[in-house]
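Residue strings, one per chain:
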Amino acid sequence: METVRAAERELMARLPEGALMQRAAAGLAAACADLLGRVYGRRVVLLVGSGDNGGDALYAGARLARRGAGVTAVLLAPERAHAAGLAALRRAGGRTVEITATAETDKTADTAKNGDTAKTADTAKNGDTAKTAETADTADTADTAKTFETAEHAIRNADLLLDGIVGIGGKGGLRPDAARLAAFADSARCAVVAVDLPSGVDADTGEVRGAAVRADLTVTFGTHKPGLLVDPAREYAGSVRLVDIGLDLPGEPVLEALQHADVRRLLPVPSGESDKYRRGVVGIAAGSARYPGAAVLAVAGALRGGAGAVRYVGPAGDAVLARFPETLVSDRGPRQAGRVQAWVVGPGAGDDASAVAEVLASDVPVLVDADGLRLADRDAVRARTAPTLMTPHAGEAAALLGVPREEVEGARLASARELAARYDATVLLKGSTTLVADPGGGAVRVNPTGTAWLATAGSGDVLSGLAGSLLASGLGALDAGSTAAYLHGLAGRFAADGAPVGAHDVADAVPEAWRDVRDLAD
Ligand SMILES: NC(=O)C1=CN([C@@H]2O[C@H](COP(=O)(O)OP(=O)(O)OC[C@H]3O[C@@H](n4cnc5c(N)ncnc54)[C@H](OP(=O)(O)O)[C@@H]3O)[C@@H](O)[C@H]2O)[C@@H](O)CC1
Ligand SMILES: Nc1ncnc2c1ncn2[C@@H]1O[C@H](COP(=O)(O)OP(=O)(O)O)[C@@H](O)[C@H]1O
Ligand SMILES: [K+]
């Protein structure tokens, strides 16, 4: 987030004080109004932390109050709440509930004990304040419980809840009092809007440590924070709306997502001079007596990926030919199977280590999947001169990294990068958010088309064949992996259309995905 902060600093130096926050708050209030439909008479609750994220919530609350909403701000650290934002809310007729900090978790309780009369004066002046913290001496456990109870009551009766606890300034997991408010937000019946990002998620990595707010909508400012696009944080964010506050972000982004127009530019299209060999031949070394279906599905994907021919090597030749008579089947090992422009090795391959070693020793691009990942020698992968694309799911990535699966699922971005660095290979990490990372660093590609309907046995085999075919037709590993994931996701959506499908249905829908990209780009 340092780039965002630097861009904000630069812009703030050129703008009148508070202008950026006003832009943010205006966009936030507009998004809330859209969600509410009618603003007048609605009950809006703001969860307000001690930083500028709370300030955004307060200013947006003031705007909604001016349009007739009944707005209550729950102040997590009343003495440190954004002063101008709070004043604006009060001027607009908003109410406040002041959380008395749990003594052992927040030093502001001590400040209060020293006689913080400003708070009392404020509340007295503003007669509609729900909590009356007479003197600081009453800041005991019972008082704390009471303020939380008041907050919970307000949240239970709200039509809309804004989470302004922390934004990009949040450090580590939410502290206990903030976590308690996040839990209230979780049980709220109304829509929850996160300000900039759901409190408790890491803006840079998408990691979630401990409690975090689950939002229906996140209104984010200036730029999509990388964490909002990667699970698990993505799930906490709900849908994401970007408010342009005029930031000019320098440098390379951490994440990027292909769009239709990008994919169309990448898709190989045969020309007048093409023949089947010039379009590229992809070799599939997959399947076993136990898992012949993996070979069939990988070939099914490969036939739809742009290569001019698919060569199959392995013990499932009969099954492959029965389904796809156009396949060139060889009963010899990969080394003797004839020339290919790229290999796919591993799906359903069992323990055939020699096929994996032979393929890795070739000088053409190689995609390693499934069993192949376990059997691939790391030094052999690192020593390759042609590109290597590895396509693990979280469990396979965890085994390669020597960590529990949950660790990969909780830190997808870091895991994909780490694996790419260790193997000096491009890594496509499959799952709820598919990421493709190059070994040299640079922006990681996040696939925007995925759907949970793809979580069906064998759909990874289809993806391998598809990506291998794109490698054979000349795309680099990053482009082949991300283009395949894009088409695969679309194909999953078209095939499923809201109902369960098998992996072969996904393969059958790839041409439809291809046409969609070609026809709808721009
Ligand atoms: N800059 C700009 O121009 C613009 C910025 N904008 C907005 O500002 C936001 C960034 O504001 P920010 O930098 O004030 O930090 P913020 O996210 O409010 O958090 C810091 C506060 O949280 C606290 N805290 C920290 N960790 C915590 C935890 N684990 N659990 C609980 N509390 C924790 C921390 O407490 P402390 O550590 O100081 O005790 C501190 O008080 C940004 O996301 C966007 O919304 C927009 O208006 C556009 C213009
Ligand atoms: N929850 C999910 N949301 C979106 N895509 C998913 C989800 N779960 C799995 N997928 C996708 O489904 C495919 C499953 O592949 P994989 O795990 O290799 O299964 P298999 O080995 O059975 O083929 C991958 O493309 C993966 O990204
Ligand atoms: K927030």
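Residues numbered from 1 in each chain as written. Chains lettered and ligands numbered in written order. Predicted model: local features only at pLDDT ≥ 70, side-chain atom pairs only at ≥ 80, totals over all residues.

Quick look at the overall build of the protein chain
Each helix and strand in the protein chain was counted, giving 22 helices and 17 strands. Seen through its C-alpha atoms, the protein chain measures out along the principal axes to roughly 85 × 45 × 45 Å. When contacts within the protein chain are restricted to residue pairs at least 6 apart in sequence, long-range pairs at least 24 apart make up 68% of them. (Helix = DSSP H or I, 4+ residues; strand = E, 2+ residues; numbered from the N terminus. Contact = placed C-beta atoms within 7 Å.)

So, the sheet that holds strand β17 (residues 444–446)
Pairing in this open sheet of ten strands is mixed, and the strands run β8-β17-β16-β15-β14-β13-β12-β9-β10-β11 from one edge to the other. Of all the strands in the sheet, just β8 (255–256) and β11 (328–330) have a single pairing partner and so form its edges. Here helix α18 (residues 412–423) sits on the sheet and contacts β14 (388–390), β15 (426–429), β16 (435–437) and β17; the angle it forms with β15, its principal contact strand, is near 150°. (Pairing = 2+ DSSP bridges. Axes fitted to C-alpha atoms, helices over the stretch in contact; angles between N-to-C directions.)

What about the domain arrangement of the protein chain?
For the protein chain, the domain assignment lists domain 1 (2–248) and domain 2 (260–520). A separation of 45 Å is found between the C-alpha centroids of domain 1 and domain 2. If you look at the interface, domain 1 gives eight residues, while domain 2 gives eight residues. For the side of domain 1 that touches domain 2, the per-class residue count stands at three nonpolar, two polar and three charged. (Domains from an automatic or database assignment. Nonpolar A, V, L, I, M, F, W, Y, C, P; charged D, E, K, R; others polar.)

What to know about the sheet that holds strand β1 (residues 43–48)
Reading across from one edge, β3-β2-β1-β4-β5-β6-β7 is the order of the seven strands in this open sheet, with parallel pairing throughout. Looking at strand neighbours, the two that pair on one side only are β3 (95–98) and β7 (239–243), the edges of this open sheet. Geometrically, the sheet is characterised by an average inter-axis angle of 20° between neighbouring strands, direction not taken into account. Here strand β5 (residues 191–195) runs beside strand β6 (residues 217–221); their pairing, made up of three bridges, is parallel.

Some details on the pairing of strand β12 (residues 342–345)
Where burial is concerned, the two faces of β12 agree: the one with A342 and V344 and the one with W343 and V345 are both buried. Two elements, strand β9 (residues 281–285) and β12, share four bridges in a ladder whose sense is parallel. Along β12, the bridge assignment pairs V282 with A342. Across three bridges, the pairing between β12 and strand β13 (residues 366–368) is parallel. Across the sheet, W343 pairs through a bridge with V366, a residue of β13. Crossover β12 to β13 through helix α13 (residues 353–360) is right-handed. (Buried ≥ 20, exposed ≤ 12 C-beta atoms within 10 Å, placed from the backbone. Right-handed = clockwise from strand over helix to strand, strands pointing away.)

Points about the UniProt feature "domain: YjeF C-terminal" (unreviewed entry) in the protein chain
Mapped onto the present numbering, the UniProt feature "domain: YjeF C-terminal" (unreviewed entry) falls on residues 259–517. Annotated as residues 259–517, this span is 46% helix and 13% strand, and its ends, taken at the C-alpha atoms, are 9 Å apart. (UniProt positions renumbered as here; feature names shortened; annotations may be inferred.)

Focus on the packing of helix α11 (residues 292–303) against helix α19 (residues 459–472)
Where α11 contacts α19, the axes come no closer than 6 Å and their chain directions differ by 40°. Judged on the interaxial angle alone, α19 and α11 are oblique. In the packing of α11 onto α19, the handedness of the crossing is right-handed. Along its contact with α11, which presents A294, L297, A298, V299, A300, G301 and A302, the element α19 presents D461, V462, L463, S464, G465, L466, G468 and S469. Tallied by class, residues from the contact of α11 with α19 come to nine nonpolar, five polar and one charged. (Parallel < 35°, antiparallel > 145°, perpendicular 65-115°, else oblique. Left-handed = near helix turned anticlockwise from the far one by under 90°.)

Some remarks on the site of ligand 1
Surveying the vicinity of ligand 1 reveals 27 residues, the closest of which are G51, D52, N53, G167 and G169. Mapped onto the shell around ligand 1, the elements with two or more residues apiece are α1 (2–14), α2 (19–36) and α3 (52–66). The biggest single contributor to the shell around ligand 1 is α3, with four residues. Tallied by class, the residues present in the shell around ligand 1 amount to eleven nonpolar, ten polar and six charged. (Near = placed C-beta within 6 Å.)

Side note on the site of ligand 2
Inspection of the region around ligand 2 gives 18 residues, with H393, K430, L454, A455 and G460 positioned closest. For the shell around ligand 2, the element with the most residues is α19, which contributes four residues.

Examining the packing of α2 against α3
It is the contact of α2 with α3, at a shortest axis distance of 8 Å, that shows an interaxial angle of 55°. When the axes of α2 and α3 are compared, the pair comes out oblique. Crossing handedness for the pair α2 and α3: right-handed. Together, M21, Q22, A24, A25, A26, L28, A29 and C32 of α2 and D52, G55, D56, Y59, A60, R63 and L64 of α3 make up the contact between the two elements. For the contact of α2 with α3, the per-class residue count stands at ten nonpolar, two polar and three charged.

Brief notes about the nonpolar core
The biggest cluster of nonpolar side chains holds 166 residues, and the ones touching the most others in it are L46, V74, L162, I284, V299 and V345. Of all the elements, helix α20 (residues 477–496) adds the most residues to this core, at eleven residues. When sequence neighbours within four positions are dropped, the list of residues in contact with V74 reads V45, L46, L47, V48, V97, I99, A151, A154 and L181. (Core = buried A, V, L, I, M, F, W, Y, C linked by C-beta atoms within 7 Å.)

Considerations on the environment of P392
Take P392: it is sitting in the loop between β14 and α16 (394–401). Its 27 C-beta neighbours within 10 Å are what place P392 among the buried residues. Expressed as a C-alpha distance, the spacing of P392 and L429, which sit 37 residues apart in the sequence, is 5.4 Å. Those residues in contact with P392 that lie beyond four places of it in its chain are L373, A397, L400, L429 and K430.

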